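The primary structure of each chain is shown beneath.
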Amino acid sequence: MLRRIADHLYWAARYLERAQWRSRLVDVNYHLNLEVPPRMADPWEPLLGITGEREMFAQRYTHADEASVVDFFTFDRENSSSIRSCIEAARTNLSALRNTISSEMWLQMNELYLDSRQWSPGLLASEGFSSFFTDLRNHFYSITGIIRSTMPRDLSYDFLEIGTMLERADNVARLLDVKYHYLLPRLEDIGGPSDGRQWAAVLRSASALEAFRKLYGYSIRVDRVVEILLFDPNFPRSARFSTERLAASVERVAAQNCGHLPHQLASDNLLALLRGSSASQAITDGLHEFLLKVEEQCSTISDALFSEYMTLG
Amino acid sequence: MLYRITHTTRFEYELPAYDSQNELRMRPWDRDGQRCISFDLTTNEPSSTLEYGDFFGNRAHSICVSAPHRKLEIVARSVVELDTPQPPGATGMTLVEFLRGDSVRNNVYFEYLNPSQYIPFSERLRKFFWMARPQETEDVGLYVARMMAYVRDQFEYETTATHVHSSLNDILDSGGGVCQDFAHLTIGILRLAGIPARYVSGYLAPAGAGYLAPAAGSPLDHMPSPPGPLSPPDLTAGSNALGGVGSSSDLTARFHPPGTLSPPDVTAQASHAWLEAWLPGTGWSGFDPTHRCAVDGRHIGVAVGRDYADVPPLRGVFRSDGMDSMMTVHLNVEPLNAGGPSGGSLSGSQSRSQQ
Amino acid sequence: MGREGMNAQHLSNGMPELKAAALAADLPMNEMFSADGHPRPECARVVNYLLSMDTRRLAELGERAHEMFLRMGVTFNVYGNEDGSERIFPFDPVPRIIPAATWSEIEAGLIQRVRALNAFLADIYGDGAILKDGIVPRDLIIGSSQFRHAAVGIKPPHNNFVTVAGIDLVRGSDGRFYILEDNVRTPSGVSYVIENRVIMTRLMPELIRTLKVRSVEQYPADLLASLRELSPNGKSDPAVALLTPGPFNSAFFEHVFLSQQMGVDLVEGQDLVCADHKLFAKTVYGLRQMDVIYRRVDDDFLDPVVFRPDSLLGVPGLTAVLRAGNAVVANAIGTGIADDKAVFAYTPAMIRYYLNEEPILPIVETHLLRDPEVCEFVLRNLDRYVIKPTGASGGYGVVIGPQASSLELAETRARILRDPAAFIAQPVVQLSVHPTLAGGTGSTLAARHVDLRPFVLLGAKPRVLPGGLTRVALREGSLIVNSSQGGGSKDTWVLEN
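Note that this is a predicted model, so its numbers are computed, not measured.

Quick notes on the rules
- Residues numbered from 1 in each chain as written.
- Chains lettered and ligands numbered in written order.
- Predicted model: local features only at pLDDT ≥ 70, side-chain atom pairs only at ≥ 80, totals over all residues.
- Heavy atoms only, no water.
- Helix = DSSP H or I, 4+ residues; strand = E, 2+ residues; numbered from the N terminus.
- Salt bridge = Lys/Arg side-chain N within 4 Å of Asp/Glu carboxyl O.
- Buried < 20%, exposed > 50% of the residue type's maximum accessible area, 1.4 Å probe, protein only.
- Contact = heavy atoms within 4.5 Å.
- Pairing = 2+ DSSP bridges.
- Axes fitted to C-alpha atoms, helices over the stretch in contact; angles between N-to-C directions.

## Concerning unusual backbone geometry
Alanine 330 of chain C connects to asparagine 331 of chain C through a cis peptide bond whose omega is -5°. Its identity as a non-glycine residue notwithstanding, arginine 292 of chain B has a phi of 55°, on the positive side. Relative to the helices and strands, arginine 292 of chain B is located in the loop between strand E12 (283–288) and strand E13 (293–294). In the Ramachandran plot, aspartate 237 of chain C falls in the positive-phi region, its phi being about 50° despite a non-glycine side chain. Note on placement: aspartate 237 of chain C falls in the loop between helix H10 (219–228) and strand E6 (240–243).

What follows is the structure in structure tokens.
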């Protein structure tokens, strides 16, 4: 497989995953603010914290109100991580891969892209928020479904997995990092009466609410939220699950090489970190520090993968 | 006359260079009173070399250095035997007579009768030609000699007035130039007159002390190759990149715009440029406008072409993450006699020294 | 090789023919209907089918075809389009039909022609016999920017400079096929031929089966076979790849399509590297040696050491690897000289010189304006000729005399006078016409001009794709069929018998 192809697969996967996370964030936050009078003055502002885009936002928008943030997150062409931009980037990367991916996958991606070209803020208003984001979610499910059912489990699939899982682990860590501190500023509040709806929203952002209820019942304890999102080996959007899959793909890709290479070590490290801890442990030691470690490891893995398989120099 | 030539080209890079692909023309030819008795090419780095003949019949070499290196040194060594040529003198044919028989020649020597990259038929050239235009009854050979002197007399020998990629318009503008420019200009005039003329790149053996010429060839002929982006340029990692190196374009080699490279540092002599004109009777005959003379036993020929663009001593591209590189050229042309070298090679180095 | 007596024969400048042709009046031939208004026998079934459709069904046919293309992403990029967008190459669902006997003559003529062009290229980059014998003027070849010095000394396997050729044919009002132009650099369009057939088998499956239309789906297999036959040093199981300039190239879709169909890697310049005078691809597990490259990158951009130094699309050192004989490119470096429109005028002479045969397919009369007498005549009758720059491609710079305004004619005259050798003149051929969906809604049929671009492969043996791309000028009266200038295409059906 050409190095450039690995690069395209990896980035296509990351952009697709990123687009899904973004759309969940926006969708959930919108509905949350409908139901509940917001705690803070700018309930949309924390989203910018999650994605680390405060500065970029401030450059062109004055106020972190709903209209601006939704626009920035969803439609903004200047924002290379807006949902629209991610879709375009994913498609561009996939268009260089047309003889690697199935034609159905291409068709589906292309359709989503062609749709996104028609988007405008006015569309949200006329179609309705829910309807827009439901459609979008279905598009994403189609694409991932097609990947799962039409792509042979070969090297291409592994690079897609690696991109997807790395993006997922990173995104869930960021989500938790910001929301945890937004919602729970004092240590004494841990384990105490929490704002159920707010935490439910966090879980929804990771499509985890129903799984949570199945495991833990109706009442939402913060440590359990951390457990399912970070450490649960079965929930598909948990950091642990993502890392297991990431490490497995890395192992398969690296199988042809002898010895343990930097990127294998890095993904093994992250896996050890997540396998070796628990929600209560991480909270006691300092959740923020733990999450920072996760994010840093993700970055190390990304760099190592890059130089091993993708750089052309 | 027997000569040993050692032509050393050295590149130093700020950050390691790799994937270096080069074309060399440094092997003296084997014909017309010149014999290349031995030739070898060495590099300080592991390299792959291929010899071939180019379109003009020159022996050229392709040298490829793949692994990263901070310094590249290419040394071409040859031993050449030169007969002392007969000075061409008068051909016994007037230019008018010469031009009458030109339809076949126009065909066979088409490329040497027409403009080329550094030899455009500009208005300035035409004026310059016209000012010393040939007489009807002028002998072809004598005309050529006259033009050679005319060019040399009109201009100063000056190393800063032009550069290696100057066309002849530059010397016409600036009033000064080097051997390359004199050759281009003379060729331009002869072509306008209908006399096939071609550019010669080679070496000048020392006549005695004092004469020093700067390098033809420049760092601009050994350029970093433009890199390719990994992903489409505007769609690399976004803002919540996983830290570290987000953009893949940071890891590709940068493209150096021309002019950021240091000028060559030259000691001793350097490559020389002259021309050959096709004359009735003698065929291709060499003339050196820089020295206002026909080629004598000191002109060691390496390659011929339409102009400099066809025969740079070294041309190539390389990849690097760095911005700077420097090229130096050392040239030693040493007369040898049967049984040993004679003294007085211009570089002042020991006899039999190898650089 | 029959060189004696050649000189006298061809060096005539064609003045008598010029004068005669200028006076002839002609009407285009209709591909589906003969002069008496009846459908041609081979078209009868299709005509009945079309007659059975009302305007609504006709329009639907066109819409369905368009839909299918859009979904499949069968697009091309148009240079200079302001949003850099991709467009569907318009497809007309009314098929163009060629009976077996007609085709076999075309096929023989094409094979003959490509053999001669190939021999010509091997000659001019080798001994140059045809130049020494004065059949083709040396200055025309040596003076052309398409004559590549780098190609001298590189001997392709089987002496095949041309592996893929796209030869443009037009049908005159006399019903004969004439060669309009050769394309032996990086001819494109074959992917549309294959995709058009896929669409048509969904739109009109019965017709195709009943008429026994010859299949085109084997082209990728034939192309791969031809490329493999080029293996350097007779290496068995050569590694083959398709070199593309990338997604921003107007023919990118075709590059993807062909590489996919052949099962070979699609590579860009940056994926390749030359080391040790061999060619390698950069894979995730290290360097993999490559042997045959089907390159869709023009010579100018192929190798920054030898050609344009600013090219991002090529591979530094590739030319040296070819010289070393460790890799092969198809088509070879330097084939562009055979596309030159002035050289075109000498192609019948080439067939006689190299093959000692008469050309089976005639060329459209081509007059070289470098001849002062010819130039003068053409300038006085500029409104009767098609003027083409010798080096251009894709229909740009072409002036069609009878359709040009007086301003355009004046400008053309000026351009010719500045550099007559850079132009040729051809009489206006009344391209044949074919019923095509027209009207704003595509609900009626109208006659539109068509041409034909068959594809010829030359490996160890020649293989010709049955039919080829029928291009149609969608604007009424227009003779320009290129995709970049408002043309479309039709499926071409060569019948089994």
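## Thoughts on the pattern of salt bridges
In the structure shown here, the tally under the stated rule is 59 salt bridges over all chains. Two residues, arginine 275 of chain A and glutamate 244 of chain A, come together in a salt bridge whose shortest N-O distance is 2.9 Å. On the criterion of sequence distance, the pair formed by arginine 275 of chain A in helix H14 (residues 262–275) and glutamate 244 of chain A in helix H13 (residues 239–254) is long-range, its members being 31 residues apart. Judged by relative accessible area, which is 48%, arginine 275 of chain A ranks as partly exposed. Linking arginine 319 of chain B and aspartate 19 of chain B is a salt bridge whose minimum nitrogen-to-oxygen distance equals 3.1 Å. In this pair, arginine 319 of chain B is assigned in strand E15 (residues 314–320) and aspartate 19 of chain B in strand E1 (residues 2–24), connecting sequence segments 300 residues apart.

## Description of the environment of phenylalanine 287 of chain B
Residue and element names in this part refer to chain B. Structurally, the position occupied by phenylalanine 287 is in strand E12. In this structure phenylalanine 287 comes out as buried when scored by relative accessible area, which is 3%. Spatially, the C-alpha atoms of phenylalanine 287 and proline 87 are 9.5 Å apart, while their sequence positions differ by 200 residues. Those residues in contact with phenylalanine 287 that lie beyond four places of it in its chain are Pro88, Val144, Met148, Trp274, Leu275, Ala277, Leu279, Cys293, Ala294 and Val295.

## What to know about the sheet that holds strand E10 (residues 286–290) of chain C
Residue and element names in this part refer to chain C. Judged by pairing direction, the sheet is antiparallel, and its 3 strands sit side by side in the order E8-E9-E10 without closing on themselves. Edge positions in the open sheet fall to strand E8 (272–275) and E10, since each of these has one partner strand only. Strand-to-strand twist across the sheet, computed as the mean angle between neighbouring axes with direction ignored, equals 40°. Taken together, the 5 bridges between strand E9 (residues 278–283) and E10 define a ladder with antiparallel strand orientation. Bridged to threonine 283 within E10 is glycine 286.

## So, the sheet that holds strand E14 (residues 385–389) of chain C
All names here are of chain C. Taken in spatial order, the 4 strands line up as E13-E16-E14-E15 in an open sheet, and their pairing is antiparallel. Unpaired on one side and paired on the other, strand E13 (367–368) and strand E15 (399–400) mark the two borders of the sheet. Judged from the 2 bridges that link them, E14 and E15 form a sheet pairing that is antiparallel. Each bridged residue has a counterpart across the sheet, and for valine 386 the counterpart in E15 is isoleucine 400. Its contacts with the sheet place helix H15 (residues 372–380) against E13, E14 and strand E16 (423–427), and it is angled at close to 125° to E14. Seen against the sheet, helix H16 (residues 406–418) touches E14, E15 and E16 and runs at an angle of roughly 50° to E14.

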